[in-house]
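If you want the building blocks of each chain, they are given just below.
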Amino acid sequence: MWGAFAEPADSYYQIRPECTDVPNTKFKIKPGKTLSVRKWQAAFTTEGFLDIGKTLSRIQRGGIHPSIRGEVWEFLLGCYDPKSTFEEREQIRQRRRLQYASWKEECKQMFPVIGSGGFITAPVITNKGEPIYDPLVLQETNLGANGSDFFKDLASRGPLDQKVIQWLLTLHQIGLDVNRTDRTLVFYEKKENLSKLWDILALYAWIDNDVGYCQGMSDLCSPMIMLLEDEADAFWCFERLMRRLRGNFRDTGRSVGVEAQLTHLASITQIIDPKLHHHLENLGGGDYLFAIRMIMVQFRREFSFCDSLYLWEMMWALEYDPEMYSLYEEPQFEGERTEGSSKGKPKSINQCGKYERENMKNGGKSAEGPLPISVFLVASVLKDKSSKLMTEARGLDDVVKILNDITGNLDAKKACTGAMKLHKKYLKKAKK
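Given the structure is predicted, the values throughout are model-derived calculations rather than measurements.

Basis of the calculations
Residues numbered from 1 in each chain as written. Predicted model: local features only at pLDDT ≥ 70, side-chain atom pairs only at ≥ 80, totals over all residues. Heavy atoms only, no water. Helix = DSSP H or I, 4+ residues; strand = E, 2+ residues; numbered from the N terminus. Buried < 20%, exposed > 50% of the residue type's maximum accessible area, 1.4 Å probe, protein only. Areas by Shrake-Rupley, 256 points an atom, 1.4 Å probe, with all protein chains shown as cover. Expected span 1.5 Å × (residues − 1). pLDDT = per-residue confidence, 0-100. Contact = heavy atoms within 4.5 Å. Core = buried A, V, L, I, M, F, W, Y, C linked by side-chain atoms within 4.5 Å. Axes fitted to C-alpha atoms, helices over the stretch in contact; angles between N-to-C directions. Parallel < 35°, antiparallel > 145°, perpendicular 65-115°, else oblique. Nonpolar A, V, L, I, M, F, W, Y, C, P; charged D, E, K, R; others polar. Polar contact = N/O pair within 3.5 Å; in protein donor to acceptor, adjacent residues only side chain to side chain. Arc of directions from axis to C-beta.

Colleague: What's the story with the overall build of the protein chain in this structure? I'm lost.
Modeller: Looking only at helices and strands, the protein chain has 20 helices and four strands in total. In the protein chain, buried positions account for 53% of the 432 residues. Put simply, the protein chain shows about 19900 Å² of open surface, and 49% of that area lies on carbon and sulfur atoms.

Okay, structure coming up:
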């Protein structure tokens, strides 16, 4: 299995040799602490029931071995119920793969680049739905001579449905973002992997009528492509992650959903470190927009690729709610994960993550539901850098620079521990 010493995890996610400015990875695979293949397999009964309580405890101590990360994430994100059998999960998996294939064929009929192994970075229609005959599109795709036929067909369809227009307008923006996502990784040197990422994001943009696609989603989806070999499985893992986070991307025209999280961040900082909050307000940062990236893409830019995955699984294990699967199986996109939205018997506290247990015991939630641990992670970073921010920040540019300087210097486990401590402290002070 493993040697006696901590094993570097970087070897599982190869960095292109010419990329020299990539943050160093702190996460190491530690025998006895990291959830290993053996411990993972031993957590299942012969029928397939998973002991989720012990699994969460192991993840919280030392993360997940990279070789099983994808399949463990499927449970952490609510793709499967720990109380299901091997056979039941396989039936669900096959049903979802068929659903994905159906959606993909629907999208391919509208735009044949889907599933072709290519993707686009230039617009194909105007805002009014009229075709744009851009040679770059034909060059980028694998359609060959059929590309011009597509534009002729598009022109002959007459007025397009507004949903179709909006979706087609989104596709090149997805392509531009895909081209910028995790390009330091050897994995994305292959165009087929970039195309797979584009396909998944394009399909998600089509089926999510409310939010669609927004910048930052490629950062959230990219690890799923690497960890789960089957494209449909990667899609459903991403879709479950978006159930948690899509509210942050919702744009009402007057505000973006993440602003609610920033408001909570301001309230937490005001209680925990009132002097820092006052200083940030004086600098014009009372809206905390300088922290928007941390929350939107869940610290993907503040950690190395490997450490960001470790951070994610630590957060998900801490937040784990055993009711998540049944809640997510309700009709598509009709609600996100909010406290009190599921029905049935009271959930077992032993099957909940540590953060979720604290919320259950102390009622640590806002009117919209329990605050995600990511908000306390950001608050913990601000608290840790309070002295530096107070003495060196003379404007918002300084605040951003100080926060950017932490890139590669954060430790995922310490960050989660700090967030948990801050959460407890906040709950106590909020009750007074």
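Colleague: I keep staring at helix H4 (residues 86–110) and nothing clicks. Help me out?
Modeller: For an α-helix, 3.6 residues make a turn, and residues three or four places apart therefore share a direction. Across its 25 residues, H4 extends 37 Å between first and last C-alpha, which sits within 8% of the 36 Å expected from 1.5 Å per residue. Every buried residue belonging to H4 is among Arg 89, Ile 92, Arg 93, Arg 96, Tyr 100, Trp 103, Lys 104, Cys 107 and Met 110, and all of these are buried.

Colleague: Would you take a moment to explain the confidence of the model for the protein chain for this structure?
Modeller: Any residue range with low pLDDT should be treated as having predicted coordinates unsuitable for detailed reading. Within the protein chain, residue pLDDT values average 85, and 82% of them lie at 70 or more. pLDDT under 50 marks residues 1–8. Its contacts with residues more than four places away, or in other chains, come to 21 contacts. Confidence over residues 332–344 falls short of pLDDT 50; this stretch has 36 contacts with residues more than four positions distant or in other chains.

Colleague: Help me understand the nonpolar core in this model?
Modeller: Most often, soluble globular proteins have nonpolar side chains that are buried together. In terms of nonpolar packing, the biggest core is built from 133 residues, with Trp 73, Phe 111, Trp 167, Leu 168, Trp 198, Met 217 and Phe 238 touching the most fellow members. Broken down by element, this core gets its largest block of residues, 11 residues, from helix H8 (residues 191–207). Beyond its immediate chain neighbours, meaning those up to four positions away, Phe 111 contacts Ile 120, Val 124, Phe 150, Trp 167, Leu 168, Leu 171 and Trp 198.

Colleague: Honestly, the packing of H4 against helix H10 (residues 231–249) in this entry has me stumped. Any pointers?
Modeller: Think of two packed helices as two axes; the pair is described by the angle between the axes and how far apart they sit. At a closest axis distance of 9 Å, the pairing of H4 and H10 adopts a crossing angle of 95°. Between H4 and H10, the angle falls in the class roughly perpendicular. Contacts between H4 and H10 pair Arg 93, Arg 96, Arg 97, Gln 99, Tyr 100, Trp 103 and Lys 104 from the former with Glu 231, Ala 232, Asp 233, Phe 235, Trp 236 and Arg 240 from the latter. The residue makeup of the contact of H4 with H10, split by class, is five nonpolar, one polar and seven charged.

Colleague: It is not clear to me how unusual backbone geometry should be interpreted in this structure. Could you clarify?
Modeller: Glycine aside, residues mostly have negative phi angles, and peptide bonds mostly take the trans form. Positive phi, normally seen in glycine, also occurs at Asp 182, with a value near 50°. Here Asp 182 lies in the loop between helix H7 (162–180) and H8. Backbone geometry at Gln 298 places phi at a positive 55°, although glycine is not the residue there. In this structure, Gln 298 sits in the loop between helix H13 (292–296) and helix H14 (305–319).

Colleague: Whenever I open this one, the environment of Arg 69 confuses me. Can you help?
Modeller: Within the secondary structure, Arg 69 sits in helix H3 (residues 69–76). The class of Arg 69 is buried, set by a relative accessible area of 0%. Sequence separation between Arg 69 and Val 37 is 32 residues, and the spatial gap between their C-alpha atoms is 9.6 Å.

Colleague: It is not clear to me how the environment of Asp 411 should be interpreted in this structure. Could you clarify?
Modeller: Among the secondary structure elements, Asp 411 is positioned in the loop between helix H19 (396–404) and helix H20 (412–431). Taking the relative accessible area as the measure of exposure, Asp 411 reaches 26% and is therefore partly exposed. Along the sequence, Asp 411 and Ser 308 sit 103 residues apart, while their C-alpha atoms lie 9.7 Å from each other. Polar contacts involving the side chain of Asp 411 include one to the main-chain amide nitrogen of Lys 413, which spans 3.1 Å. Within the structure, the side chain of Asp 411 is placed 2.9 Å from the backbone nitrogen of Lys 414, a separation counted as a polar contact.

Colleague: Looking at this structure, how should I read helix H12 (residues 274–282)?
Modeller: Along H12, the residues that are buried comprise Leu 276, His 277, His 279 and Leu 280. End-on view of H12: buried residues confined to an arc of 160°, all on one side of the axis. Turned more than 90 degrees off the buried face of H12, the exposed positions are Lys 275 and Asn 282. On its buried face, H12 sits against helix H11 (258–272), helix H17 (373–384), helix H18 (386–392) and H19. Remark: Gly 284 follows H12 within two positions and exhibits a positive phi of approximately 90°.

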